[in-house]
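Topology and contacts: notes
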Amino acid sequence: MKSNKYKPKQHTEMEFGGTLGAGSIPVFLPLLVLYLLSVCRSPSGALQQWPPPLPHSSFLWDPVATVIVVGWIGFQSALYLLPWGQVSEGLPLRDGSRLKYPINGFHALCATAVLLCVCVCLGMPLGFLFDLMLPLATSAITVSFILSFYLYLRSFCARDTHLALGGNTGNPLYDFFMGRELNPRLGSFDLKFFCELRPGLIGWVVLNLAMLMKEVELRGFPSLSMLLVNGFQLLYVTDALWNEEAVLTTMDIVHDGFGFMLAFGDLAWVPFTYSLQASFLVVHPHDLGSLAALGIVALNGVGYYIFRKSNSQKNQFRRDPSHRSVAGLETLSTAAGKRLLVSGWWGFVRHPNYLGDILMALAWSLPCGER
């Protein structure tokens, strides 16, 4: 029998603290999400308060929230399957094949925006989502666990060439956390690619809008701080979906398996922790002066410019290193035979895209004031 040259060897090298990290992170991260949401709703809104604002178990579960979360994922799945937008190929896999992906995330965002406008015009009280934040988060966490168990079990039916190198250690806890299968699919429906940008990222801006509407219900108008947070983060999400094709060259898609780490991050961590600023402002309004607002807008603009330019350069290099825009850039060869950019934006600082992210995150937080 011929040996399969593409068969991945089981890796013993582990990240995130190995078995201890893989066993503890799925316990503590969900609790951290619920704790941060509770802090934002507490009277002081401070992390250092004692005793900590722990919610009663009766506030963590609501069947309506479960219906909303499942319905939301179903709605975004339907938009994903619609025949609009273009179809792009990912980078070559270990066996040389390329998977095809529907690039229609921006279309899904626009369709969602139209639906939300209709809901607002019909008088639907979107602000009630603020009251359901804890049970919504609990439901999203539950869905991420269910999905993760399904992904782990189905990975044992996948071919060897379809397994991720980093999630194939033979350690059940670690492989469950990292993900054994690289690109799990139901037919042409790519589960990892769908979760990467759709339900969580679009859900984030929907929750932000719900916070804005709740503030209008409580005070009659949205504050400048709330408008800035909503505007900045909507720009970030719109940019990600407009440039959706670029995600095909990222580590999440190319190298990482789809397990609890990405499932929880996409479905629970992103929408419920990235919207903390808006959630905080509902309970703790902050008056922002025009001069301070201009400074924050400028900071976000600089961060966004660095983030977008550096990511575009990296994506172009990964897709076509011979392209005239990146062909003259200096590179460094790695032990794995890959080339890393060490000039252009990537010669200015080691991770310019992270620098842009940090500047934008600071701009998102400054409208909340100090605590």
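Residues numbered from 1 in each chain as written. Predicted model: local features only at pLDDT ≥ 70, side-chain atom pairs only at ≥ 80, totals over all residues. Heavy atoms only, no water.

Concerning the overall build of the chain
Short version of the rule: A run of H or I in DSSP counts as a helix once it spans at least four residues, and a run of E counts as a strand once it spans at least two, with each numbered from the N terminus. Our radius of gyration looks at C-alpha atoms and nothing else; its globule reference is 2.2 Å times the residue count to the power 0.38. Accessibility throughout is a Shrake-Rupley quantity obtained with a 1.4 Å probe, and a residue counts as covered only by protein chains that appear here. Charged residues are defined here as Lys and Arg on the positive side and Asp and Glu on the negative side; His and the ends of the chain fall outside this count. Charge coordinates come from a single atom per side chain, which is NZ of Lys, CZ of Arg, CG of Asp or CD of Glu.
A tally of regular secondary structure across the chain gives 15 helices and 6 strands. Computed over the C-alpha atoms, the radius of gyration of the chain is 22 Å, within 12% of the 21 Å expected from 2.2 N^0.38 for a compact globule of 371 residues. With the C-alpha coordinates aligned to their principal axes, the bounding extent of the chain is approximately 70 × 50 × 45 Å. Carbon and sulfur atoms provide 67% of the accessible area of the chain, an area that totals close to 18600 Å². Each charge class in the chain can be summarised by its mean position, and for the 26 positive and 24 negative side chains these summaries are 8 Å apart.

Focus on helix 9 (residues 224-242)
What counts, and what does not: Working rule for helices: expected span equals 1.5 Å times residues minus one. The cut-offs for exposure are 20% and 50% of the maximum accessible area for each residue type, with area from a 1.4 Å probe on protein chains only; residues under the lower value are buried, those over the upper are exposed, and the others partly exposed. By definition, residues are in contact when any of their heavy atoms lie within 4.5 Å.
Over its 19 residues, helix 9 runs 26 Å from end to end, which matches the ideal 27 Å to within 8%, given 1.5 Å per residue. Every buried residue belonging to helix 9 is among Ser225, Met226, Leu228, Val229, Asn230, Phe232, Gln233, Tyr236, Val237, Asp239, Ala240 and Leu241, and all of these are buried. The elements touched by buried residues of helix 9 are helix 3 (105-121), helix 7 (191-197), helix 8 (199-219), helix 12 (276-283), helix 13 (290-319) and helix 15 (352-365).

With respect to helix 2 (residues 63-81)
Worth spelling out the cut-off: What the arc describes is the spread of directions from the helix axis to the C-beta atoms. By the criterion applied in these results, polar contacts are pairs of N or O atoms within 3.5 Å in which, for protein atoms, one can donate a hydrogen and the other can accept it, and in which residues neighboring in sequence qualify only through two side-chain atoms.
Between its terminal C-alpha atoms helix 2 stretches 27 Å, which fits the 27 Å expected from 19 residues at 1.5 Å a residue. Buried residues of helix 2: Ala65, Val69, Gln76, Ser77, Leu79 and Tyr80, and no others. All buried residues of helix 2 lie within an arc of 165° about the axis, which places them on one face of the element. Residues of helix 2 that are exposed and point more than 90 degrees away from the buried face comprise Pro63, Val67 and Leu81. Where helix 2 is buried, its residues meet strand 2 (100-103), helix 3, helix 5 (133-154), strand 4 (189-190), helix 7 and helix 8. The backbone nitrogen of valine 64 lies 2.9 Å from a side-chain oxygen of the residue at the head of helix 2, namely aspartate 62.

So, the side chain of threonine 169
Relative to the helices and strands, threonine 169 is located in the loop between helix 5 and helix 6 (172-178). For threonine 169, a relative accessible area of 11% puts it in the buried group. A polar contact of 3.1 Å, which involves the side chain of threonine 169, links it to the backbone nitrogen of asparagine 171. A distance of 2.7 Å separates the side chain of threonine 169 from the side chain of aspartate 175, its partner in a polar contact.

Looking at the packing of helix 2 against helix 5
What counts is decided by this rule: Interaxial angle, 0 to 180 degrees, is taken between N-to-C directions of lines fitted to C-alpha atoms, where a helix line uses only the stretch in contact. Working definition: roughly parallel below 35 degrees, roughly antiparallel above 145 degrees, roughly perpendicular at 65 to 115 degrees, and oblique for all remaining angles. In this scheme the handedness of a crossing depends on how the near helix is turned from the far one: anticlockwise by less than a right angle means left-handed, clockwise means right-handed. Note on residue categories: nonpolar means Ala, Val, Leu, Ile, Met, Phe, Trp, Tyr, Cys or Pro, charged means Asp, Glu, Lys or Arg, and polar means any other residue, Gly included.
Interaxial distance between helix 2 and helix 5 falls to 8 Å at its minimum, and their mutual angle equals 55°. Classed by the angle they form, the pair helix 2 and helix 5 counts as oblique. In terms of crossing hand, the pair formed by helix 2 and helix 5 is right-handed. Residues Ala65, Thr66, Ile68, Val69 and Ile73 of helix 2 pack against Pro135, Leu136, Ser139, Ala140 and Val143 of helix 5. Class assignment of the residues belonging to the contact of helix 2 with helix 5 gives a composition of 8 nonpolar, 2 polar and no charged.

Focus on the packing of aromatic side chains
Just so we agree on the cut-off: For Phe, Tyr and Trp, rings pair up if their centres lie within 6.5 Å, where Trp contributes its six-membered ring, and each pair is then called stacked (planes under 30 degrees apart), edge-to-face (over 60) or tilted (otherwise).
For the structure shown, the criterion picks out 19 aromatic pairs. Between tryptophan 204 and tyrosine 274 the ring centres are 5.0 Å apart and the planes differ by 80°, which places this aromatic pair in the edge-to-face class. Taken together, the residues tryptophan 204 in helix 8 and tyrosine 274 in the loop between helix 11 (260-273) and helix 12 connect sequence positions 70 residues apart. The class of tyrosine 274 is partly exposed, set by a relative accessible area of 31%.

Considerations on the packing of helix 3 against helix 8
Axis separation between helix 3 and helix 8 bottoms out at 11 Å; the angle between their running directions is 25°. The orientation of helix 3 with respect to helix 8, classified from their angle, is roughly parallel. Our pair here, helix 3 against helix 8, has a crossing hand that is right-handed. In this structure, helix 3 uses Gly105, Ala108, Leu109, Thr112, Leu116 and Val120 to contact helix 8, whose residues at the interface are Ile202, Val205, Val206, Leu209 and Met213. Class assignment of the residues belonging to the contact of helix 3 with helix 8 gives a composition of 9 nonpolar, 2 polar and no charged.

Topic: the side chain of glutamine 313
Looking at the secondary structure, you find glutamine 313 in helix 13. Excluding residues that lie within four positions of it along the chain, glutamine 313 makes contacts with Val326, Leu329, Leu341, Ser343, Gly344, Trp345 and Trp346.

Section: the pattern of salt bridges
Pairing is possible between side chains of opposite charge, provided their charged atoms come close. Rule in force here: Salt-bridge detection follows one rule: a side-chain nitrogen of Lys or Arg within 4 Å of a carboxyl oxygen of Asp or Glu.
Taken as a whole and judged by the stated rule, the model has 7 salt bridges. For lysine 214, the salt bridge is made with aspartate 131, and the minimal N-O distance between the two is 3.3 Å. On the criterion of sequence distance, the pair formed by lysine 214 in helix 8 and aspartate 131 in helix 4 (residues 128-131) is long-range, its members being 83 residues apart. Taking relative accessible area as the criterion, lysine 214 reaches 12% and is therefore assigned buried. With relative accessibility at 42%, the residue aspartate 131 sits in the partly exposed group. One salt bridge in this structure joins aspartate 190 and arginine 185, with 2.8 Å as the shortest N-O distance. Take aspartate 190: its relative accessible area is 0%, and that puts it in the buried class. When its relative accessible area of 17% is taken as the criterion, arginine 185 is described as buried. A single salt-bridge network, built from bridges that share partners, covers Asp131, Lys214 and Glu217.

Re the environment of phenylalanine 106
One can find phenylalanine 106 in helix 3. Taking relative accessible area as the criterion, phenylalanine 106 reaches 24% and is therefore assigned partly exposed.

Just distances and angles here, no functional claims.
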